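Observations on chain architecture
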Amino acid sequence: MPMDMQEWRDSTATADNAANAFRDLLRLADAPDRTINSVRGAASHKGEALVYIGHLPANVVERLAERVCLEVTP
């Protein structure tokens, strides 16, 4: 069953909000602007709110893990 336009807008707004939150986390980890700007929110064709992150530099992921007190081991 196709979703209506309002459902799509709501899903897109949710995805955009989540993407903005993740961009804020990347800023806290001193990620480069190109990494921060590559994060995108989108709604799937089924109306699921998604955040596209793509490839992140390993050092950025390590700093993110440190911020949330996770240990990164080889």
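Residues numbered from 1 in each chain as written. Predicted model: local features only at pLDDT ≥ 70, side-chain atom pairs only at ≥ 80, totals over all residues. Heavy atoms only, no water.

So, about the packing of helix 1 (residues 5–28) against helix 3 (residues 58–67). Two numbers describe how helix 1 lies on helix 3: the axes approach to 9 Å, and their chain directions differ by 95°. In terms of axis orientation, helix 1 runs roughly perpendicular to helix 3. Contact residues: Phe 22, Leu 25, Leu 26 and Leu 28 in helix 1; Val 60, Leu 64 and Arg 67 in helix 3. By residue class, the composition of the contact of helix 1 with helix 3 is 6 nonpolar, no polar and 1 charged. (Axes fitted to C-alpha atoms, helices over the stretch in contact; angles between N-to-C directions. Helix = DSSP H or I, 4+ residues; strand = E, 2+ residues; numbered from the N terminus. Parallel < 35°, antiparallel > 145°, perpendicular 65-115°, else oblique. Contact = heavy atoms within 4.5 Å. Nonpolar A, V, L, I, M, F, W, Y, C, P; charged D, E, K, R; others polar.)

Our next topic: helix 3. Within the sequence span of helix 3, burial applies to Val 60, Leu 64 and Ala 65. An end-on view of helix 3 places all buried positions within 140° of arc, on one side of the element. For helix 3, exposure combined with an orientation more than 90 degrees from the buried face picks out Ala 58 and Glu 66. Downstream of helix 3 by one or two residues, Cys 69 has phi in the positive range, about 60°. (Buried < 20%, exposed > 50% of the residue type's maximum accessible area, 1.4 Å probe, protein only. Arc of directions from axis to C-beta.)

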